[in-house]
Amino acid sequence: VQLVESGGGLVQAGGSLRLSCAASGRTFSIYTMGWFRQAPGKEREFVAAINWSNRSTLYADSVKGRFTISRDTAENTVYLQMNSLKPEDTAVYYCAADSLYYGPTLREYSYWGQGTQVAVSS
């Protein structure tokens with residue numbers, strides 16, 4: 001499975017961005033897709049995940065109520081709608097996928113994209 005993110009950029013605090021992640025290859029094997037982020041000098045952390053078949057979702061506490069993860073199975077694409085952005089949301093955002101696991105644990109995800117930069121100015 002190959003993953004390609006898009007949609008990052010620079011936005012002012014309070015603004016919105018929508019990230020996309022297009023999957024290709026053995027997409028029939030996808031069970032979960034998720035988003036993680038890594039700020040400068042910090043470890044990569046979980047943001048959100050979605051079960052590919054039943055659309056159940058998980059969110060980090062820091063983004064609940066502001067971010068929404070969704071998927072389009074026909075396009076093999078997962079989205080992250082980010083509203084009410086804060087400077088602390090600044091990070092490289094990574095898309096991830098796995099064939100068996102559903103949850104927030106980074107090391108359980110087998111497939112990763114290259115990342116897209118999100119910068120939120122105050």
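Residues numbered from 1 in each chain as written. Predicted model: local features only at pLDDT ≥ 70, side-chain atom pairs only at ≥ 80, totals over all residues. Heavy atoms only, no water.

Undergrad: Can you help me understand the pairing of strand β7 (residues 67–72) in this one?
TA: Regular strands have side chains that alternate between both faces of the sheet. With burial as the criterion, only one face of β7 is covered, namely that bearing Phe 67, Ile 69 and Arg 71; the residues Thr 68, Ser 70 and Asp 72 on the opposite face remain uncovered. Here β7 pairs with strand β8 (residues 77–82) via six bridges, running antiparallel. Pairing of Phe 67 across the sheet is with Met 82, part of β8. Linking two consecutive strands that pair antiparallel, namely β7 and β8, is a turn of four residues; a positive phi of about 50 degrees is found at Asn 76 within it. (Buried < 20%, exposed > 50% of the residue type's maximum accessible area, 1.4 Å probe, protein only. Helix = DSSP H or I, 4+ residues; strand = E, 2+ residues; numbered from the N terminus. Pairing = 2+ DSSP bridges.)

Undergrad: Got a minute to help me understand the packing of aromatic side chains in this structure?
TA: Under the defined criterion, the tally for this structure stands at five aromatic pairs. Aromatic side chains Phe 36 and Phe 46 sit 5.6 Å apart centroid to centroid with 70 degrees between the ring planes, which places their arrangement in the edge-to-face category. Highlighted residues: Phe 36 in strand β4 (residues 32–38) and Phe 46 in strand β5 (residues 45–51), separated in sequence by ten residues. We classify Phe 46 as buried; its relative accessible area is 14%. Ring centres 5.6 Å apart and planes at 85 degrees place the aromatic pair Tyr 101 and Tyr 109 in the edge-to-face group. (Phe/Tyr/Trp six-rings, centres within 6.5 Å; stacked < 30°, edge-to-face > 60°.)

Undergrad: Can you help me understand the pattern of salt bridges in this one?
TA: By the definition in use, this model includes four salt bridges. A salt bridge links Arg 37 to Asp 89; the nearest nitrogen and oxygen atoms lie 2.9 Å apart. With Arg 37 in strand β4 and Asp 89 in the loop between β8 and β9 (91–98), the pair connects residues that are 52 residues apart, well separated along the chain. Assessed through its relative accessible area of 0%, Asp 89 is described here as buried. With a shortest N-O distance of 3.2 Å, Lys 64 and Asp 61 are connected by a salt bridge. (Salt bridge = Lys/Arg side-chain N within 4 Å of Asp/Glu carboxyl O.)

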